[in-house]
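Each chain, written out:
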Amino acid sequence: AQTVTQSQPEMSVQEAETVTLSCTYDTSENNYYLFWYKQPPSRQMILVIRQEAYKQQNATENRFSVNFQKAAKSFSLKISDSQLGDTAMYFCAFTPMNRDDKIIFGKGTRLHILP
Amino acid sequence: SQTIHQWPATLVQPVGSPLSLECTVEGTSNPNLYWYRQAAGRGLQLLFYSVGIGQISSEVPQNLSASRPQDRQFILSSKKLLLSDSGFYLCACNGQGTTSLHFGNGTRLTVT
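Residues numbered from 1 in each chain as written. Chains lettered and ligands numbered in written order. Predicted model: local features only at pLDDT ≥ 70, side-chain atom pairs only at ≥ 80, totals over all residues. Heavy atoms only, no water.

Please explain the nonpolar core as it appears in this structure.
The nonpolar side chains of a soluble globular protein tend to be buried, and buried together. Residues and elements named next belong to chain A. L21, Y25, W36, F75, L77, Y90 and L111 are the most contacted members of the largest nonpolar core, which totals 27 residues. Listed by contribution, the elements that provide at least two residues to this core are β2 (10-14), β3 (19-21), β5 (32-39), β6 (46-52), β8 (64-69), β9 (74-79), β10 (88-96) and β12 (109-114). If you tally residues by element for this core, the top one is β10, at four residues. Apart from residues lying up to four places away in sequence, Y25 is in contact with T3, V4, Y32, L34, F68, Q69, K70, K73, S74, F75 and F94. (Core = buried A, V, L, I, M, F, W, Y, C linked by side-chain atoms within 4.5 Å. Buried < 20%, exposed > 50% of the residue type's maximum accessible area, 1.4 Å probe, protein only. Helix = DSSP H or I, 4+ residues; strand = E, 2+ residues; numbered from the N terminus. Contact = heavy atoms within 4.5 Å.)

Okay, here's the thing in structure tokens:
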């Protein structure tokens, strides 16, 4: 069975610092997608970044970047120059390349950005 | 782009009453549709997902059911609510040609 594990239930960092959120997953698939979603206090789910497993280059979206280690089945999220608006719950998610397969979420990491 | 309409935003229901939450999708056809539940401060629990009209997969045996009467309509129901059904319910979809999920704004359900 495919699983996604986020080992950090909660983290706090000072504003402007860099923070890394960890995610590991387990699958026998070779082609798949990985995602990071953000859920701010409004509880709206927002897609932060997406990585295709067949791409070696790590995805980047402005201050957000990932470290994708396929062999180690690791997919961490790095937030640079953290801002107060980054305070949120962050979920790592996995889905096989077949669109009809369900998307599996980790349990989330609650991130607090401190002023 | 895909848009998900989910209502109501907030609902307070007594134990034993029925439930109907509706989700509709715009901007795509033949989407995969999902219902998730989230307890306060917790992760997402997948309840149901559907890859087509009338095709529903249930992930957790419980007091809830789902139906998909139309391509872009997904309904979450219960005949008799339990206190444990309280939570935040999210509808999500991924349409043709997409892999990531788009989410509705959610429904906060309180069973009293």
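So, next bit.
Honestly, the state of the cysteines in this entry has me stumped. Any pointers?
Here, disulfide denotes a covalent bond that connects the sulfur atoms of two cysteines. Residues and elements named next belong to chain A. Enumeration according to the criterion identifies two disulfides over all chains in this entry. Across a sulfur-sulfur distance of 2.0 Å, C23 and C92 are joined as a disulfide pair. Torsion about the S-S bond of the C23 and C92 cystine: about -70°, corresponding to left-handed handedness. One end of the pair, C23, is in the loop between β3 and β4 (24-26); the other, C92, is in strand β10, with 69 residues separating them in the sequence. (Disulfide = S-S within 2.5 Å.)

Teacher, can you tell me more about the confidence of the model for chain B here?
If pLDDT is low for a region, its predicted coordinates should not be looked at in detail. With 99% of its residues at a pLDDT of 70 or more, chain B has an overall mean of 92. Taken element by element, chain B is modelled with least confidence in strand β6 (residues 55-58) of chain B, mean pLDDT 91, and with most confidence in strand β2 (residues 10-13) of chain B, mean pLDDT 97. (pLDDT = per-residue confidence, 0-100.)

I tried to follow the interface of chain A and chain B on my own but got confused; where do I start?
Between chain A and chain B, the residue contacts involve 20 residues of the former and 29 residues of the latter. In total, about 1900 Å² of surface goes out of reach between chain A and chain B, with carbon and sulfur atoms giving 48% of it. Scanning the region where chain A abuts chain B turns up one salt bridge. The interface formed by chain A and chain B contains six residue pairs in polar contact (both at pLDDT 80 or more). Elements with a contribution of two residues or more to the side of chain A that touches chain B: β5, β6 and β10 of chain A. For the side of chain A that touches chain B, the per-class residue count stands at nine nonpolar, three polar and eight charged. (Buried area = accessible area lost by both parts, 1.4 Å probe. Salt bridge = Lys/Arg side-chain N within 4 Å of Asp/Glu carboxyl O. Polar contact = N/O pair within 3.5 Å; in protein donor to acceptor, adjacent residues only side chain to side chain. Nonpolar A, V, L, I, M, F, W, Y, C, P; charged D, E, K, R; others polar.)

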